[in-house]
Amino acid sequence: MFATSLGEGAELGPLEPWQAEEFLAHMDRGREFIGRYIGLPDAATDLGSARAYLQSYADKQAADAGRLHGIRLDGKLVGGVLFRTFDAAGGNCEAGCWLEPDAAGRGLVTRAAQVLIDWAVQERGMHRVEWLVSSANTASVNVAKRLGMTRDGVLRESYAYRGVRHDTEVWSVLAPQWRERAERREQR
């Protein structure tokens, strides 16, 4: 498999339909934690639905409309990052993430999202990368901050999830800002 090192035994690589069994086992380990703010665990409840979810992203990738990558720690799938939407012609995309509880607090999502955003901006010419997050999801809000994103605003009670309406914060980074941050990272 093709993978990019994230350091400290972590790697970022594509998640594909043939990995449905591993993906389902990962969801089962982190289902409650992952599902606090996102419906991903509800979309992968058995082998068939896990395979279908991964296939939906394989189809999105083939259409240049999204991407899905897994984060592995010491070879074990512990989370992922994705482009939920990817509009190459318009230059806009939405990035997102999830992580098992045992892998939280290590900077894995921040490093993985940085790799994805670097690729989107530098290789694909994306102009705007968005990060939509429940205001209650402090960990994900903090990732957006660490990525140097700007909080554009709050969509009040815009996301109904498991019987509760959540405020959605919209964070973004524009290509010129991202390139400037990338230059500073390289100078360190």
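Residues numbered from 1 in each chain as written. Predicted model: local features only at pLDDT ≥ 70, side-chain atom pairs only at ≥ 80, totals over all residues. Heavy atoms only, no water.

Visitor: When you look at the overall build of the protein chain in this model, what are you seeing that I'm missing?
Guide: Along the backbone of the protein chain there are 6 helices and 8 strands. In sequence order, the protein chain lays out its α and β elements as β-β-α-α-α-β-β-β-α-β-α-β-β-α. Rg of the C-alpha trace for the protein chain: 16 Å, near the compact-globule value of 16 Å for 188 residues, within the 12% margin. The C-alpha extent of the protein chain, read off along each of the three principal axes, is 45 × 40 × 35 Å. Residues counted as buried form 44% of the 188 residues belonging to the protein chain. (Helix = DSSP H or I, 4+ residues; strand = E, 2+ residues; numbered from the N terminus. Rg over C-alpha atoms; globule rule 2.2 N^0.38 Å. Buried < 20%, exposed > 50% of the residue type's maximum accessible area, 1.4 Å probe, protein only.)

Visitor: I'm lost on helix α6 (residues 175–187) in this one. Help?
Guide: Each α-helix winds once per 3.6 residues, and so residues spaced three or four apart point in a common direction. With 13 residues, α6 extends 18 Å from end C-alpha to end C-alpha; this agrees with the ideal 18 Å at 1.5 Å per step. Among all positions in α6, only A175, W178 and A182 are buried. Taken end-on, α6 shows its buried residues confined to a sector of 60 degrees, consistent with a single buried face. The secondary structure elements touched by the buried residues of α6 are α4 (108–123) and β8 (164–174). (Expected span 1.5 Å × (residues − 1). Arc of directions from axis to C-beta. Contact = heavy atoms within 4.5 Å.)

Visitor: Any chance you could explain the packing of α4 against α6 here in plain terms?
Guide: Two quantities define a packed helix pair, namely the angle between the helix axes and the distance between the axes. Look at α4 against α6: their axes get within 10 Å of each other, and the N-to-C directions meet at 120 degrees. With respect to each other, α4 and α6 are oriented oblique. Helix-helix and strand crossings are classified by hand; for α4 and α6 the assignment is left-handed. Across the interface between the two elements, Q114, I117, D118, V121 and Q122 from α4 touch A175, W178, R179, A182 and R185 from α6. Residue classes in the contact of α4 with α6 are distributed as 5 nonpolar, 2 polar and 3 charged. (Axes fitted to C-alpha atoms, helices over the stretch in contact; angles between N-to-C directions. Parallel < 35°, antiparallel > 145°, perpendicular 65-115°, else oblique. Left-handed = near helix turned anticlockwise from the far one by under 90°. Nonpolar A, V, L, I, M, F, W, Y, C, P; charged D, E, K, R; others polar.)

Visitor: I keep staring at the state of the cysteines and nothing clicks. Help me out?
Guide: Simply put, the disulfide is a covalent bond whose two ends are the sulfur atoms of two cysteines. With the rule as written, the count across this model stands at 0 disulfides. Of the cysteine sulfurs around C93, a residue in no disulfide, the closest is that of C97, at 14 Å. Using a relative accessible area of 2% as the deciding quantity, one classes C93 as buried. (Disulfide = S-S within 2.5 Å.)

Visitor: How should the sheet that holds strand β5 (residues 92–99) be read in this particular structure?
Guide: Across a sheet, strands are paired by hydrogen bonds formed along the backbone, either parallel or antiparallel in direction. With mixed pairing, 8 strands are arranged side by side in an open sheet as β1-β2-β3-β4-β5-β6-β8-β7. For this open sheet the edge positions go to β1 (4–7) and β7 (150–161), each flanked by a neighbour on one side alone. Strand-to-strand, the axes of this sheet are offset by a mean angle of 25 degrees, without reference to chain direction. As paired strands, β7 and β8 are joined by 8 bridges and run antiparallel to one another. Counted as the bridge partner of V154 is E169 from β8. Against the sheet, helix α5 (residues 138–146) engages β5, β6 (128–134) and β8, with an angle of about 155 degrees to β6. (Pairing = 2+ DSSP bridges.)

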